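# Coordinate inspection notes
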Amino acid sequence: MSITSAEKATQLFTTFVLDGHLFGVEVESVQEVIRYQEMTRIPLATDAVGGLINLRGQVITALDLRRRLGMPDRQEGRDPMNVVVRTEDGAVSLLVDEIGAVIETRTAQFEPPPDTVTAKAKDLIRGAYKLENTLLLALDVSRAVEV
Amino acid sequence: MNEMDEIVQEFLVESHENLDQLDQNLVALEKDPTSRDLLSSIFRTIHTIKGTSGFLAYHALEAITHVGENLLSRLRDGELVLTPELTSALLDMVDAVRGLLRSIEQDGGEGEPDHTELIERLTRLQSSTSEPRPALPADELDVEEPAPLPVAKLGEVLVSSGVVEQEDVVEAVIEQKSSGDSRPLGEILVQTGMVAQHDVDTALQAQADGKRSVADSSIRVDVSLLDALMNLVGELVLTRNQIVQHAATRDDLDLTRASQRLNLIASELQEGVMKTRMQPIDSVWQKVPRVVRDLSLSFGKKVRVEMQGRETELDRTILEATKDPLTHLVRNAVDHAIETPDARVAAGKSPEGTLLLRAYHESGQVNIEITDDGKGIDPAVIGAKAVEKGLLTPEQLGRMGPREITNLIFEAGFSTSQTVTNVSGRGVGMDVVKTNIEKIGGTIDVQSRVGHGTTFRIKIPLTLAIIPALTVTCAGDRYAIPQVSLLELVRLEGEAVQSGIEQIHGAPVYRLRGNLLPLVYLDRELAVGPGQLDRSRQTAYIVVLQAEDRQFGLVVDDVVDTEEIVVKPLSKHLKGIPCYAGATILGDGRVALILDVLALAQQANVVVVGRDRGAGAQGSAGGAASSDIETLLVVGFGAERRMAIPLAMVTRLEEFPVGSIEHAGSREVVQYRDQILPLIRLSSFLGLGYSEPATDEVLQVVVYSEDGRSVGLVVDTILDIAEQVLSSRSDFADHGLLGSAVVQEHITELLDVRQAILAADPHFYATAGV
């Protein structure tokens, strides 16, 4: 992916917030972004699986990105939003805190993650785009949905 | 698609259908070589293919069907009599034609197949002079130039049904034409007294049926279109559920009325669409006679195929999925089960083996049975093999019943075939069959009697997409339980919530009409609750479920409703959790998980985990012993020892005076119902030692009979009959014992009845079979 980004000078990212950090996924892989949906929990599933949601008649698995990235759980009462991404095995929803704007990045802004990032997160974060006043962390979608 | 493509397409579809029929007809013809109907049907099919392939310039196809047609015409004219060699050649021709058609379908051309040898063979057979039989009268076999879709004329129908002579009809027709008679032929014939009115009526009916069945009443529909329709109907059913639920909360009469109507229509539509996807099982079965014929010929065996219930209908996808398992079972039966004619005669059976395929509906499921009258499956051989392969330890084997042992053939990597043949017995066998059946929500079971044959019984659901289900709640969530496994509901209220559920060594049970029902707490199985009922609870429900041949009660918080649900698959993130069969969307739009009853029962050790490949050796037999409810006969030895015998292994209790004991060889026997009943004194068999009783004493004997053979187990005293969940059995097993358990507050040993019986009569199972 970084190679394709290098060839193209710019790349659009759908951004969202997780535990105060700004994350982004390439717009091409995003099917849609929707507000909080009632979720059905799945006993016995790994804790990164948030539950099942009804997306217009389709049953879709929602993954809790905070848990996936080893972050502390969302505060009680704060409902997550859904970023629905397309994967090889159909649509999967990523649960995030808030949805941000679509941001255009330039390849020149990109830098791979420093070694100090925890292993769990480093697996899923391809690197950071150094924006003017913050860092945009690029999520590796295909890895993030491998639970 | 241009016009030519369309013609080719139609030709292909039609020809494939005809060829399947041809296979069947040829095999049937072998049994009845002079059948006029079969011969003309076969001839017509080949003739049609020949004609069309000539028209479409498929020359290889034309060449091969041409020689085939010539051969068939000599058969039809009685110049040749059908021999197995001829049948094989004709079947090979059918295969060649099929190959060419496939090639046309895939590449648009015939490819460059070499059929010279086959053509030569067919030509040679054609000129070979076998015993000719008298030609059939020409008027009986009037198929020389059949129309592609022939609708027989009334006269022909009447002649072929034998009510009138050809000449009479011709005469009548000539009269009709020459005199300009406007009356229909039938009327003329009736009036001239040549035929009765009702014969004409029947013939007219047959004629009408013929017309409708081929042209008017059916159309071809693309399967993907049906699948799409099915999905849409699924969505509609969901939406209907939502609207109906919504309407119920509103005080709007019009809305309620409309929603009721919608409810009705959606149900009917669903049923209708479901029906369009139903196909008779015959569409899979019709390949069987050919397979059996070819196989039995190559093994030098004689096998007759019988079919019952070929019209039984199944959803297309399910039907597709049963194809491979069915073929495998049929091949297995011919290859392994049915003996050679010599061996069969030696065993006192008819030289021709029988393979019976049976299908029937039963409580929303389809049962398919495949029965052979071959040599049967010997549990002893299977058991030994399982131990040899390391699937089980001998101790575990000792604890298993014959039926359980037989079912070991479904274990992965199990194949008893001594020699690997090219047909079956490659080690990937029955386990694959079982997995395939289970994939479509079915079960498979085997029953066998040594020397008498084997029956495989497959149970599969009618359809997969929409199922009736019960929704329940547990720890605040709703779950759907497929109604196929539902037996009944028990509501516990007030006092009963606490007192109704009893414990046997920590295993909860409920007395359901006097029988102990093992209980499984859903919240505990799903790890969302404590696995016992809160003291403050006012009500609780026990959902009585059937898993394989066991019943168990699933304890849930509440029962919500029954509704039709659309089964949605789970994403791969959740595939690893066996407890769920899928998910569905309920009337309020929320997602609910569908419970997999069998997996739940296995997880809770209610049913044997024999199929659990991962658990391997430990899982299977250990699970078997865990928590079955059994009715036990408790017997005593001396002052202290108590022993339990499963009531299923007790035919009668008898008393014999000691004086009546006689000896046959080294054995003690008594005369019993005109038979010699071998006795075994359990106390000595188990090494408890016994003192020679006084001659006036009476022996307490537990008699077990099977297939006319009986043995008597001598015990000291008969104590009681107890119902017991054998959940807490310990495994320190002495000779002749399966272990011990607490029965009625006493330590009680469990007798290994099979071993005891074999000690009394070593040939008991060999002849009786199990």
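None of the values given here were measured: they were computed from a predicted structure.

## Some words on the overall build of chain B
For chain B, the count of helices and strands is 26 helices and 29 strands. Buried positions account for 47% of the 770 residues belonging to chain B. For chain B, contacts bridging at least 24 residues in sequence account for 66% of all contacts bridging at least 6. With an accessible surface of roughly 37000 Å², chain B has 51% of that area assigned to carbon and sulfur atoms.

## Observations regarding the packing of aromatic side chains
Summed over the entire model, instances satisfying the criterion amount to four aromatic pairs over all chains. Here Phe16(A) and Phe23(A) contribute two aromatic rings whose centre-to-centre distance is 6.1 Å and whose plane-to-plane angle is 5°, an arrangement assigned as stacked. Residues Phe16(A) and Phe23(A) agree in their burial class; the two are buried. Ring geometry for Phe410(B) versus Phe456(B): centroids 6.3 Å apart, planes at 75°, classification edge-to-face. Taken together, the positions of Phe410(B) in the loop between helix 18 (402-406) and helix 19 (430-439) and Phe456(B) in strand 7 (residues 453-461) put the pair 46 residues apart, joining distant regions of the chain. Accessibility classification places Phe410(B) together with Phe456(B) in one group, the buried group. Taken together through their ring pairs, the aromatic side chains of Phe13(A), Phe110(A) and Tyr129(A) make up a single cluster. Over the ring of Phe299(B) we find Lys301(B), and its NZ or CZ is 5.3 Å from the ring centre.

## Observations concerning the environment of Ile594(B)
Residue and element names in this part refer to chain B. Relative to the assigned elements, Ile594 resides in strand 18 (residues 591-595). Classification of Ile594 by relative accessible area gives buried; the value is 1%. Each C-alpha atom, one on Ile594 and one on Pro569, is 9.9 Å from the other, the two residues being 25 residues apart in sequence. For Ile594, the contacting residues outside a window of four places in its chain are Ala480, Pro482, Ile565, Val567, Cys579, Tyr580, Ala581, Gly582, Ala583 and Thr584.

## A word on the sheet that holds strand 4 (residues 49-55) of chain A
All names here are of chain A. Reading across from one edge, 3-6-7-5-4 is the order of the five strands in this open sheet, with mixed pairing throughout. Two strands close off the open sheet at either side, each with one partner strand: strand 3 (30-34) and strand 4. Each strand axis lies, on average, 30° off the axis of its neighbour in the sheet, ignoring direction. Direction of pairing for strand 3 relative to strand 6 (residues 81-87): antiparallel, over a ladder of four bridges. Bridging from a neighbouring strand, Val30 pairs with Val85 of strand 6.

## Thoughts on the pairing of strand 10 (residues 125-130) of chain A
All names here are of chain A. Within strand 10, five of the six residues are buried, which leaves the element mostly enclosed by the surrounding structure. Direction of pairing for strand 9 (residues 110-111) relative to strand 10: antiparallel, over a ladder of two bridges. Pairing of Phe110 across the sheet is with Tyr129, part of strand 10. In this structure, strand 10 lies alongside strand 11 (residues 135-139), joined through five bridges in antiparallel fashion.

## Examining a negative patch on the surface
Residue and element names in this part refer to chain B. Taken together, the side chains of Asp5, Glu6, Glu10 and Glu14 define an acidic patch exposed on the protein surface. When you line up the elements, Asp5 lands in helix 1 (residues 3-31). Using a relative accessible area of 39% as the deciding quantity, one classes Asp5 as partly exposed.

## Focus on the environment of Thr10(A)
Residue and element names in this part refer to chain A. Along the chain, the position of Thr10 falls in strand 1 (residues 10-18). Classification of Thr10 as partly exposed rests on a relative accessible area of 33%. In this structure the C-alpha to C-alpha distance between Thr10 and Gln109, which are 99 residues apart in sequence, comes to 9.8 Å. When residues no more than four places from it in sequence are discounted, the contact partners of Thr10 are Glu104, Thr105, Arg106 and Thr107.

## Notes on the packing of helix 13 (residues 288-299) of chain B against helix 14 (residues 316-337) of chain B
Residue and element names in this part refer to chain B. Where helix 13 meets helix 14, the closest approach of the two axes is 10 Å, and the angle between their N-to-C directions is 30°. It follows from the interaxial angle that helix 13 and helix 14 lie roughly parallel. When the axes of helix 13 and helix 14 are compared, the crossing they make is right-handed. On helix 14, the residues that touch Val288, Val291, Val292, Leu295, Ser296 and Phe299 of helix 13 are Leu326, Val330, Arg331, Val334 and Asp335. Taken together, the residues that form the contact of helix 13 with helix 14 break down as eight nonpolar, one polar and two charged.

## Brief notes about the sheet that holds strand 2 (residues 303-308) of chain B
All names here are of chain B. The five strands are arranged 2-4-5-7-6 in an open sheet whose pairing can be described as mixed. Looking at strand neighbours, the two that pair on one side only are strand 2 and strand 6 (443-449), the edges of this open sheet. Ignoring which end each strand starts from, the neighbouring axes of this sheet average 15° apart. Of the strand pairs in this sheet, strand 4 (residues 353-362) and strand 5 (residues 365-372) are connected by eight bridges, and their pairing is antiparallel. Directly across from Ala359, in strand 5, lies its bridge partner Ile368. Together, strand 2 and strand 4 form the strand contacts of helix 13, whose direction differs from that of strand 2 by roughly 165°. Sitting on the sheet, helix 14 is in contact with strand 2, strand 4, strand 5, strand 6 and strand 7, with an inclination near 175° to strand 7.

Calculation criteria
- Residues numbered from 1 in each chain as written.
- Chains lettered and ligands numbered in written order.
- Predicted model: local features only at pLDDT ≥ 70, side-chain atom pairs only at ≥ 80, totals over all residues.
- Heavy atoms only, no water.
- Helix = DSSP H or I, 4+ residues; strand = E, 2+ residues; numbered from the N terminus.
- Buried < 20%, exposed > 50% of the residue type's maximum accessible area, 1.4 Å probe, protein only.
- Contact = heavy atoms within 4.5 Å.
- Areas by Shrake-Rupley, 256 points an atom, 1.4 Å probe, with all protein chains shown as cover.
- Phe/Tyr/Trp six-rings, centres within 6.5 Å; stacked < 30°, edge-to-face > 60°.
- Lys NZ or Arg CZ within 6 Å of the ring centre and 35° of its normal.
- Pairing = 2+ DSSP bridges.
- Axes fitted to C-alpha atoms, helices over the stretch in contact; angles between N-to-C directions.
- Patch = residues over 30% accessible without salt bridge, like charges linked within 9 Å, V, L, I, M, F, W, Y side chains within 5 Å.
- Salt bridge = Lys/Arg side-chain N within 4 Å of Asp/Glu carboxyl O.
- Lys, Arg positive; Asp, Glu negative; His and termini not counted.
- Charge placed at Lys NZ, Arg CZ, Asp CG, Glu CD.
- Parallel < 35°, antiparallel > 145°, perpendicular 65-115°, else oblique.
- Left-handed = near helix turned anticlockwise from the far one by under 90°.
- Nonpolar A, V, L, I, M, F, W, Y, C, P; charged D, E, K, R; others polar.

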